[in-house]
Structures are given as C-alpha cells and as structure tokens.
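Now for the letters of each chain:
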Amino acid sequence: SIGKTDSCPNAAISGPKTGPPLYGLQFHPEVTHTKHGKDLLKNFVVDICNAPTDWNMQDIAEEFVREVQKKVGPNGHVIGAVSGGVDSSVAAVLLNRAIGDRFHAIMVDNGCLRLNEANLVVERLKNREGIDLHCVDA
C-alpha cells in the first residue's frame, strides 16, 4: 500500500516488485466536490499511465456501431440488459443505432432503484429513443 485513508487501508497500491510498474487508486476524483479532480485524473491517466489523448468519442461510437453491424449481420438479433445507469443506457442507444428493432433490451426493476427511476428509464429509452425495451417488475 502506498496510500491510505481513515476508512480504506489500501487507497493506493503499486507493484509488482519486478516488471512494469502497476498502480491502483481507490478514489472518486470525478465527483464535483473533489477539488482539482479533472487535473488528478489527467495526471494519472495521461502522465502515469501514458494513455493517448488523440481519441474522439464520436469516432469510438461510430466504430462500435460498425462492429455491431458486422458481427450481428443483416438478420441477427441482440438481447441486452439495461440497468438504468449511464453505461448500459449508452450501450442500448448505440445498439439501437446499429441494428434498430433487432435490439431487444430488458430492464429488471428489482425494487432497488431510486423512486420512479424505472419509469424514467422507460420514458427515455423506449418512448424517446425508440428502443425495444421491456421492463420487468421483479
């Protein structure tokens, strides 16, 4: 451990002793109340991890759509889970863009979502985006 907090004894780790250095960080710099959070992320991702900075989100989305179209083909169907979070919602929108009504999304309302969140997800993805979304009340 190379860093800790009162509630997390391994907030930052490094290793192994041989080979390329690896780092791990238990931290949420993306939240709005973290001072200089974007700078911290940039320093870690770009300066330490040497991640490239010449990518474009639109290019990544378009490449994903093309890959799905190629893999699924003209007649294939895809079933996907939607949690209501950002990641699965973006994936659902991109899958819908790629193959339209051949993408079938399922969301399970398990009672652990925020009040009315399942309804909001259905409104957004099914009614506004036109995704074939089925919400199951579990």
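Everything in this summary refers to the structure shown in the same document. (Residues numbered from 1 in each chain as written. Predicted model: local features only at pLDDT ≥ 70, side-chain atom pairs only at ≥ 80, totals over all residues. Heavy atoms only, no water.)

1. Considerations on the pattern of salt bridges
Threshold: Basic side-chain nitrogens of Lys or Arg form a salt bridge, by our definition, when they fall within 4 Å of a carboxyl oxygen of Asp or Glu. Only protein chains enter the calculation, and the probe is 1.4 Å; a residue is then buried if its accessible area is under 20% of its type maximum, exposed if over 50%, and partly exposed in between.
Scanning the model with the defined rule gives 3 salt bridges in all. Here aspartate 47 ties to lysine 42 by a salt bridge, and the two come within 3.4 Å at their closest N and O atoms. The class of aspartate 47 is partly exposed, set by a relative accessible area of 44%. Accessibility expressed as a relative area gives 43% for lysine 42, which makes it partly exposed. In this structure, the salt-bridge partner of arginine 114 is glutamate 117, at a minimum N-O distance of 3.6 Å.

2. A few points about a negative patch on the surface
Operational definition: The residues that make up patches have over 30% relative accessible area and no salt bridge, and they are joined within 9 Å when like-charged or within 5 Å when they are Val, Leu, Ile, Met, Phe, Trp or Tyr. The Shrake-Rupley method, run with a 1.4 Å probe, gives the accessible areas here. Residue values count only the displayed protein chains as cover. Only four residue types enter the tally: Lys and Arg on the positive side, Asp and Glu on the negative side; His and the chain ends are excluded. In this description, the location of a charge corresponds to atom NZ of lysine, CZ of arginine, CG of aspartate or CD of glutamate. Each helix corresponds to a stretch of at least 4 residues labelled H or I by DSSP, and each strand to a stretch of at least 2 residues labelled E; elements are numbered beginning at the N terminus.
Together, Asp59, Glu62, Glu63 and Glu67 make up a region of like negative charge exposed at the surface. One can find glutamate 63 in helix α2 (residues 57–72).

3. Overview of the sheet that holds strand β5 (residues 132–137)
Stated precisely, the cut-off is as follows: Here, strands pair whenever DSSP counts at least two bridges between them. To obtain each axis, a line is fitted to C-alpha atoms, and for helices this fit is confined to the stretch in contact; angles are then taken between N-to-C directions over 0 to 180 degrees. Whether two residues are in contact is decided by their heavy atoms: any pair within 4.5 Å suffices.
What the 3 strands build is an open sheet, ordered β3-β4-β5; its pairing is parallel. Pairing within the sheet leaves two strands with one partner each, and these edge strands are β3 (78–81) and β5. In this sheet, adjacent strand axes meet at a mean angle of 25° when their direction is disregarded. Where strand β4 (residues 103–109) meets β5, 6 bridges bridge the pair, whose relative direction is parallel. Within β5, the position partnered with valine 108 by the bridge is valine 136. Strands β3 and β4 of the sheet are contacted by helix α3 (residues 86–99), whose axis makes an angle of about 160° with β4. Contacting β4 and β5, helix α4 (residues 117–128) crosses the sheet at an angle of about 165° to β5.

4. A word on α3
Stated precisely, the cut-off is as follows: Helix span is expected to be 1.5 Å times the residue number reduced by one.
The end-to-end C-alpha distance of α3, which contains 14 residues, comes to 20 Å, matching closely the 20 Å that a straight helix rising 1.5 Å per residue would cover. Within α3 the residues assigned to the buried category are Ser88, Ser89, Ala92, Leu94, Leu95, Asn96, Ala98 and Ile99. In the segment just after α3, glycine 100 is the residue with positive phi, at about 60°.

5. Observations regarding α2
Note the following rule: Directions drawn from the helix axis to the C-beta atoms are what define this arc.
Between its terminal C-alpha atoms α2 stretches 22 Å, which fits the 22 Å expected from 16 residues at 1.5 Å a residue. Here α2 has its buried residues at Ala61, Val65 and Val68. Along the axis of α2, the buried residues cluster in a sector spanning 65°; they form a single face. In α2, the exposed positions angled more than 90 degrees off the buried face are occupied by Arg66, Lys70 and Lys71. On its buried side, α2 packs onto α3. Glycine 73, located one to two residues past α2, shows a positive phi value of around 75°.

6. What about the packing of α2 against α3?
Quick note on the threshold: Note on angle classes: values under 35 degrees are labelled roughly parallel, values over 145 roughly antiparallel, values of 65 to 115 roughly perpendicular, and the remainder oblique. Note: crossing handedness is left-handed where the near helix turns anticlockwise from the far helix by less than a right angle, and right-handed where it turns clockwise. Each residue is assigned to one class: nonpolar for Ala, Val, Leu, Ile, Met, Phe, Trp, Tyr, Cys and Pro, charged for Asp, Glu, Lys and Arg, and polar for all the others, Gly among them.
α3 packs onto α2 with a crossing angle of 55° between their chain directions and a minimal axis gap of 9 Å. Considering their axes alone, α2 and α3 lie oblique with respect to each other. For the pair α2 and α3, the crossing hand works out as right-handed. Residues Gln58, Ala61, Phe64, Val65, Val68, Gln69 and Val72 of α2 touch α3, and the partners they reach there are Leu94, Leu95, Arg97, Ala98 and Ile99. When the residues that make up the contact of α2 with α3 are grouped by side-chain class, the tally is 9 nonpolar, 2 polar and 1 charged.

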